[in-house]
Amino acid sequence: MQEIFDKIQAGRKPFWQVVRDTDVEERQVTAEASFEKMHATWRAMVESVDTYRADRRSVSGLVGGDAQRMWDYAAQQETLCGPYLQEVIATALCVAESNACMHRIVAAPTAGACGVLPAVLLPCARHFSLSREQLVQAMLVPLYRRGAVDEEAIVRALYVAAGIGAVVGYRASISGASGGCQAEVGTAAAMAAGALVDLRVGGPEEIGHAAAMALKNLMGLVCDPVAGLVEVPCVKRNVIGAVNAVSAADMALAGIESRVPVDQVIDCMGAVGRRLP
C-alpha cells in the first residue's frame with residue numbers, strides 16, 4: 001500500500017488512477033479497455049441483485065430467501081439501523097445467496113465474500129439521482145453530502161477496492177481455505193471500506209486507515225463452514241463484512257486513524273492465517 005501512496009504523491013494522481021495504470025501496464029491493454037472491463041464488473045454486480053429470486057434455494061437447502069425477508073421487514077416497520085444500512089444488509093444477503101444458488105456473481109475478492117462490495121456500493125448507485133428532499137426523507141444525506149454518486153464514480157471506487165485486494169492477495173492471502181475467513185470477508189471489508197472513502201472524496205491516507213480498521217475488526221476469523229459448503233455461516237458473514245466496512249469508512253472520514261499502519265495490518269493478518277488450523 002505504501003508503494004501506491006508513493007506513486008500518488010510522485011505523480012499527483014488519485015488512488016484509482018494508479019491502480020488503473022498498473023492494470024494497463026500488467027495486462028498490456030489501453031486505459032479505455034481497462035475501464036470497460038471494470039464497467040462490466042460493475043454491471044455483473046448489479047445483475048446479481050436484479051436477477052435475485054426469493055424462491056431459489058441452494059442444493060443443500062440451507063440458503064435462500066433471507067434477503068427478501070430483510071426487504072419485507074424493512075417495508076413493514078422502521079429498522080434499527082436505518083434505510084442505508086438496511087439496504088446494505090439486504091444486498092449482502094442477496095448477492096451471497098446468489099452465489100450459493102450458483103448464479104452469476106463477481107468474486108471480490110472471492111466468491112465466498114462476493115456480497116460485501118456490492119452491498120456498500122449498490123445502495124449508493126440506486127439513489128444517486130434522488131432529489132435532496134428525497135434524500136433527507138430517506139436519511140441518506142450524509143452519504144451524498146459531497147456530491148452525487150454516479151456510475152463513473154462507482155467504477156473509480158472499484159479500482160480502489162481492486163488495488164487494496166491485490167495488495168492483500170500479494171502480501172498475505174485472500175483464500176479462506178488457507179488464511180481463514182479473515183482473508184476472504186476481512187479483505188472484502190477492507191476493499192469496501194476503501195471504496196466508500198473514495199466515494200466520499202477521502203484521500204489516500206483515509207483510504208489506508210479505513211482498510212486497516214476494517215481488516216483489524218475481523219482479524220482471526222476462522223473458515224469453518226457447515227458441511228464444507230460456502231453457505232453457513234458464510235452468507236451472513238457477508239453482512240457483517242459490509243456493515244464493518246461502512247463503520248470503518250465513517251471512522252476514517254471522521255479523522256480517526258488506525259494506530260497500526262495498513263501494511264503492518266495486512267502482514268499480521270497473513271501471519272495469523274498461517275497459524276490457523
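(A) Region of interest: the nonpolar core. Counting 86 residues, the largest nonpolar core has M1, F15, L117, V120, L121 and I164 as the members making the most contacts within it. Counting residues per element, this core draws most heavily on helix α11 (residues 181-199), at 13 residues. With sequence-adjacent residues up to four places away left out, L121 is seen in contact with W42, I154, L158, A195 and L199.

(B) View of the layout of surface pockets. The volume enclosed by the largest pocket comes to roughly 940 Å³. As for the largest pocket, its lining consists of 36 residues, and the residues nearest its centre are V19, A162, G163, A166 and V167. At the level of secondary structure, the elements contributing two or more residues to the lining of the largest pocket comprise α1 (2-11), α2 (15-27), α3 (31-50) and α9 (151-171). Taken together, the residues that form the lining of the largest pocket break down as 20 nonpolar, 7 polar and 9 charged.

(C) Summary view of a nonpolar patch on the surface. A contiguous nonpolar surface patch, about 220 Å² in accessible area, is contributed by L62, V226 and L229. Note on L62: relative accessible area 43%, which makes it partly exposed.

(D) Representation of the packing of aromatic side chains in the model. The final tally for this structure, using the stated rule, is 5 aromatic pairs. For the ring pair F5 and F15, a centre distance of 6.4 Å and an interplane angle of 70° mean the geometry is edge-to-face. Here F15 lies in helix α2 and F5 lies in helix α1, a separation of 10 residues in the sequence. In terms of burial, F5 and F15 fall into one category: buried. Summarising the aromatic geometry, the rings of W16 and F35 are spaced 6.0 Å apart at their centres and angled 65° between planes, so their arrangement reads as edge-to-face. Of the two residues, W16 sits in helix α2 while F35 sits in helix α3, which places them 19 residues apart along the sequence. We classify W16 as buried; its relative accessible area is 15%. Through successive ring pairs, a cluster of aromatic residues spans W16, F35 and Y159.

Reading the values: the criteria
Residues numbered from 1 in each chain as written. Predicted model: local features only at pLDDT ≥ 70, side-chain atom pairs only at ≥ 80, totals over all residues. Heavy atoms only, no water. Core = buried A, V, L, I, M, F, W, Y, C linked by side-chain atoms within 4.5 Å. Buried < 20%, exposed > 50% of the residue type's maximum accessible area, 1.4 Å probe, protein only. Helix = DSSP H or I, 4+ residues; strand = E, 2+ residues; numbered from the N terminus. Contact = heavy atoms within 4.5 Å. 1 Å grid on protein atoms, 1.4 Å probe; cavity = no way out; pocket = protein on both sides within 12 Å on 5 of 7 lines; lining within 4 Å. Points joined across faces, edges and corners; volume = space filled by probe spheres on them. Nonpolar A, V, L, I, M, F, W, Y, C, P; charged D, E, K, R; others polar. Patch = residues over 30% accessible without salt bridge, like charges linked within 9 Å, V, L, I, M, F, W, Y side chains within 5 Å. Areas by Shrake-Rupley, 256 points an atom, 1.4 Å probe, with all protein chains shown as cover. Salt bridge = Lys/Arg side-chain N within 4 Å of Asp/Glu carboxyl O. Phe/Tyr/Trp six-rings, centres within 6.5 Å; stacked < 30°, edge-to-face > 60°.

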